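Given next are the chains, with one letter for each unit.
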Amino acid sequence: MTAFTNETLSLARELGSATLHEAGGRIGALPSSIKPIVPDWVFAGPAVTVHCPAGDNLWIHRAIYRASPGDVLVVCTSNGAEWGYWGDILNTAALERGLAGLVIDGGVRDTARLAAMNFPVFSNGVCIRGTGKDNGAIAFLNRPVIIGEVVVSPGDLIVGDRDGVVAIPAAQAADILKRGQAREADEAQKVRRILSGERTIDIYGWGEGDQSQF
């Protein structure tokens, strides 16, 4: 799996999902419905991808033990949102393995207990329906998966916070992080200019437009 330094991961968490999405040319934004169970949760780490059938979580169990400490599970559920694929048992196992987080385009449950545990869980819903365990199902680990309109590959840099989740191709991560730093510096300068009395429409050079609207 792709190795990112602690410094890289710390910077990714600091910059955040929205900045990295913009710095990368508006790439990698996973569906806006995928949000953290606890708003303050933040994570960054390389993707371990999981594709499982709708209503079946056997391969999620297997992925936990294929993943390494610091990895993020990114789970495609074949558009099966209406099941609870993840609960306190899997959460405990992920914590014991030292994983960095979960991103799933399906439901989770036991959310009161999940919220009390220090493991970031990002899902597109909460659902109490139980899942099956089909050994013969079509499923796989560590191959590209599609979450919304984004193809996530094993090792991609995954960053999540209260704004959402972004997937950054591993080969572009270093460059996008640098551009993210530059973007943050530029925005900080613009904030200072606004606080000193300048107008956004002047800073960005958008002009006055229709004077009757002012």
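Residues numbered from 1 in each chain as written. Predicted model: local features only at pLDDT ≥ 70, side-chain atom pairs only at ≥ 80, totals over all residues. Heavy atoms only, no water.

(A) Summary view of unusual backbone geometry. Positive phi values are uncommon outside glycine, yet Ser78 reaches one of about 55 degrees. Relative to the assigned elements, Ser78 resides in the loop between strand E3 (72-76) and strand E4 (84-86). Exposure remark for Ser78: the relative accessible area of 31% places this residue in the partly exposed category. One non-glycine residue, Asp110, lies in positive phi territory at about 55 degrees. With respect to the helices and strands, the residue Asp110 is situated in the loop between strand E5 (101-108) and helix H5 (111-115). (Helix = DSSP H or I, 4+ residues; strand = E, 2+ residues; numbered from the N terminus. Buried < 20%, exposed > 50% of the residue type's maximum accessible area, 1.4 Å probe, protein only.)

(B) Representation of the packing of helix H1 (residues 6-15) against helix H6 (residues 173-195) in the model. Relative to each other, H1 and H6 sit at 40 degrees, their axes nearing to 10 Å. Overall, the two elements H1 and H6 adopt an arrangement that is oblique. Like other packed secondary-structure pairs, H1 and H6 cross with a definite hand, here left-handed. Residues Thr8, Leu11, Ala12 and Leu15 of H1 touch H6, and the partners they reach there are Leu177, Gly180, Gln181 and Glu184. Considered class by class, the residues forming the contact of H1 with H6 number 4 nonpolar, 3 polar and 1 charged. (Axes fitted to C-alpha atoms, helices over the stretch in contact; angles between N-to-C directions. Parallel < 35°, antiparallel > 145°, perpendicular 65-115°, else oblique. Left-handed = near helix turned anticlockwise from the far one by under 90°. Contact = heavy atoms within 4.5 Å. Nonpolar A, V, L, I, M, F, W, Y, C, P; charged D, E, K, R; others polar.)

(C) Examining the pairing of strand E6 (residues 121-126) more closely. Inspection of the sheet shows strand E1 (residues 35-36) paired to E6 by 2 bridges, in the antiparallel sense. Bridge pairing links Lys35 to Ser123 in E6. (Pairing = 2+ DSSP bridges.)

(D) Expanded view of the side chain of Thr49. Within the element layout of this structure, Thr49 appears in strand E2 (residues 43-51). Residue Thr49 is classed as buried on the basis of its relative accessible area, which comes to 0%. Here Arg143 takes part through its backbone oxygen, which lies 2.7 Å from a polar atom of the side chain of Thr49. (Polar contact = N/O pair within 3.5 Å; in protein donor to acceptor, adjacent residues only side chain to side chain.)

(E) A look at the packing of helix H3 (residues 58-66) against helix H4 (residues 88-97). For the pair H3 and H4, interaxial distance at closest approach is 9 Å and the crossing angle is 15 degrees. As judged from the angle between their axes, H3 and H4 are roughly parallel. By crossing handedness, the relation of H3 to H4 is classed as left-handed. Taking contact as the criterion, the partners of Ile60, His61, Ile64 and Tyr65 in H3 are, on H4, Leu90, Ala93, Ala94 and Arg97. Each residue belonging to the contact of H3 with H4 can be placed in one class, and the counts come to 6 nonpolar, 1 polar and 1 charged.

(F) Geometry of the pattern of salt bridges. Tallied over the entire structure, the rule returns 9 salt bridges. Residue Glu22 pairs with Arg26 through a salt bridge whose shortest N-O separation is 2.9 Å. With a relative accessible area of 26%, Glu22 lands in the partly exposed category. Overall, Arg26 belongs to the exposed group, its relative accessible area being 60%. A single network of salt bridges, built from pairs that share partners, joins Asp88, Asp110 and Arg113. (Salt bridge = Lys/Arg side-chain N within 4 Å of Asp/Glu carboxyl O.)

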